[in-house]
Amino acid sequence: MSQLKNSSQYYHRVLQRIPPQALPAFQDEDMQRRVWGRRWGVFNDVGTLRTILLHRPGEEIRVMTPDKYDPEIEALIDDDEQWYFRSDQGPDLEKMQQEHDAFARLLGDNGVELVYMDGGPRDPNAMFVRDCGMVVDGGVIVSRMGPVGKEHGTGRRGEERYITAKLAGMGMPILRTIAGDGLMEGGSFCLLDEKHAALGMSFRGNDSGADQVEDVLRTLGMELIRVPLPGFAMHLDGGILMVDHRKALVNVERLPYWFLRTLKELDIEPIYGDYRDISFAINVLALRPGVIVMDRRGVWTREILERHGVKTLPVDWEECTKHGGGVHCSSLPLVRDRD
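A quick note: this is a predicted structure, and the numbers were derived from the prediction, not measured. (Residues numbered from 1 in each chain as written. Predicted model: local features only at pLDDT ≥ 70, side-chain atom pairs only at ≥ 80, totals over all residues. Heavy atoms only, no water.)

1. Focus on the pattern of salt bridges
Just so we agree on the cut-off: Take a side-chain nitrogen of Lys or Arg and a carboxyl oxygen of Asp or Glu: if they are within 4 Å of each other, that pair is a salt bridge. Numbered from the N terminus, helices here are DSSP runs of H or I no shorter than four residues, and strands are runs of E no shorter than two. Categorising residues by exposure relies on relative accessible area from a 1.4 Å probe, with only protein chains included: less than 20% of the type maximum marks a residue as buried, more than 50% marks it as exposed, and the intermediate range marks it as partly exposed.
A full pass over the atoms with the stated rule returns 22 salt bridges. We note a salt bridge from Asp-193 to Arg-246, for which the minimum N-O separation is 3.5 Å. In this pair, Asp-193 is assigned in the loop between strand S9 (189–191) and strand S10 (196–201) and Arg-246 in the loop between strand S12 (240–244) and strand S13 (247–250), connecting sequence segments 53 residues apart. For Asp-193, a relative accessible area of 13% gives the class buried. One salt-bridge network, in which partners are shared between bridges, spans Asp-207, Asp-211, Glu-214 and Arg-226.

Structure, rendered in structure tokens:
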């Protein structure tokens, strides 16, 4: 035995005593607390919201100036830096901040921990944090943004750096960063239930990006459903958002017919939004099962949701909407309960 430590068998004997263990799995709650300090991620898109990522619109908004107005599309637009604002006037930053602050207060009043992320000094899209990542059980997949930008390198490419720095600094596991020629943004990611996720395929999300998301989901035992979006539609959240277990708010103009059949097969009830306000009313955020935050102007769709047993908490979002996104686009849940 005295010669064992110098023999080729030494580590074999050691590993018999202290073998590596694959289980419990990475996302096991106790293991996450032990290794990462707390449980991270979400099981579904409607469980009680505990922690959320936001970016309060700030001075970066001022790059959107009235001299960029294009009457052809009735908006301010910069083709090089790749932003737009649906008005012939510059943004009212104070009003945008008031709307965003009221939204944040509502979340805080409902027990949600608020985490704020920085953005680039010339990146007016930074408030739309949803697109920066796709959160699943155990951590986050960091997106790779489509718009690249030219002169200042803005567009949206580069926001990946800010979310990675923020979440990694908090201790949240980065499960993957979309790499290579992959494109995928969080606004196109929807957890239908704990076994199925949908991903919108568009010019802002390609097969390479979807393959990389699918690799992560496979470790969780989940199936990925790729949903082709029509025309120049950017994100899946313009077509479907979960509002309760087995209930989804749906815009039929943004989804293929077969996907509506898939919802039925998954026992998910589609709640069809009203055509008069669906373009912005669908952009909602679930606080807990059957309770959502939505734009106050979606009065017709709100009535439909309430008839289907979904409670709605309205917020003002008129000025922020001119920038092209609602409360769903402007928030990224980091932790939800399983309920």
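Further notes follow.
2. Points about the sheet that holds strand S8 (residues 174–177)
Backbone hydrogen bonds are what pair the strands of a sheet, in a parallel or an antiparallel way. Note the threshold: By the convention used here, strands pair only if DSSP detects at least 2 bridges between them. Fitted lines through C-alpha atoms give the axes, limited to the stretch in contact for helices. The angle between two N-to-C directions lies from 0 to 180 degrees. Contact between two residues is taken to exist if any of their heavy atoms lie within 4.5 Å; hydrogens are not considered.
Spatially, the three strands line up as an open sheet ordered S6-S7-S8, and their pairing is mixed. Among the strands making up the open sheet, the edge pair consists of strand S6 (133–136) and S8. Averaged over all pairs of adjacent strands, the angle between strand axes in this sheet comes to 20 degrees, irrespective of strand direction. The pairing of strand S7 (residues 139–142) with S8 spans three bridges and is classified as parallel. Paired with Val-140 across the two strands is Ile-174, which belongs to S8. Across the sheet, helix H4 (residues 159–170) lies against S6, S7 and S8, angled at about 160 degrees from S7, the strand it touches most. Against the sheet, helix H5 (residues 207–219) makes contact with S6, S7 and S8, and its axis sits at roughly 155 degrees relative to S8, the strand it touches most.

3. So, the side chain of His-323
Just so we agree on the cut-off: Side-chain atoms alone can form a polar contact between residues adjacent in sequence; in general such a contact is a pair of N or O atoms within 3.5 Å, and within protein one must be able to donate a hydrogen while the other accepts it.
With respect to the helices and strands, the residue His-323 is situated in the loop between helix H9 (318–321) and strand S18 (332–336). Classification of His-323 by relative accessible area gives buried; the value is 1%. Reaching out from His-323, the side chain makes a polar contact with the backbone oxygen of Tyr-84 at a distance of 3.1 Å. Those residues within four positions of His-323 in sequence are excluded, and the remaining contacts are Ile-61, Met-64, Tyr-84, Phe-85, Pro-124, Asn-125, Met-127 and Phe-128.

4. Description of the sheet that holds strand S5 (residues 113–116)
Read from one edge of the open sheet, three strands run S5-S1-S18, paired in mixed fashion. The strands lining the two open edges of the sheet, one partner per strand, are S5 and S18. Between one strand and the next, the sheet's axes are offset by a mean angle of 20 degrees, whatever the strand orientation. Sheet topology note: the strand S1 (residues 49–54)/S18 ladder contains four bridges and is antiparallel.

5. Some remarks on the nonpolar core
Applicable threshold: Throughout this description, the term nonpolar core refers to a set of buried Ala, Val, Leu, Ile, Met, Phe, Trp, Tyr and Cys residues connected via side-chain atoms within 4.5 Å.
Leu-53, Phe-189 and Val-213 are the most contacted members of the largest nonpolar core, which has 33 residues in total. Mapped onto this core, the elements with two or more residues apiece are S6, S7, H4, S9, S10, H5 and S18. At four residues, the largest contribution of residues to this core is made by H5. Among residues more than four places away in sequence, those in contact with Leu-53 are Val-115, Tyr-116, Met-117, Val-129, Ile-163, Lys-166, Leu-167, Ser-330, Ser-331, Leu-332 and Leu-334. Counting 32 residues, the second largest nonpolar core, distinct from the first, contains Cys-190, Ile-225, Val-250 and Ile-292.

6. As for the packing of aromatic side chains
In plain terms, the rule: Any two of the Phe, Tyr and Trp rings considered here, Trp counted by its six-membered ring, make a pair once their centres fall within 6.5 Å; the pair's planes then place it as stacked at under 30 degrees, edge-to-face at over 60, or tilted in between. Here, over-ring charges are defined by two tests on the NZ atom of lysine or the CZ atom of arginine: distance to the ring centre within 6 Å, and angle to the ring normal within 35 degrees.
Using the criterion set out here, one finds five aromatic pairs in the structure. Geometrically, the ring pair formed by Tyr-10 and Tyr-11 is edge-to-face, given 5.4 Å between the ring centres and 80 degrees between the ring planes. Cation over ring: Arg-161 sits above Tyr-162, and NZ or CZ is 5.8 Å from the ring centre.

7. Looking at the pairing of S6
Because side chains alternate across S6, one face comprises the buried residues Gly-133 and Val-135, and the other comprises Met-134 and Val-136, equally buried. In this sheet, S7 lies alongside S6 in antiparallel orientation, the contact comprising four bridges. Looking across to S7, one finds that Gly-133 is bridged to Val-142. Counting the residues that bridge the hairpin from S6 to S7 gives two residues, and of these Gly-138 lies at a positive phi of roughly 105 degrees.

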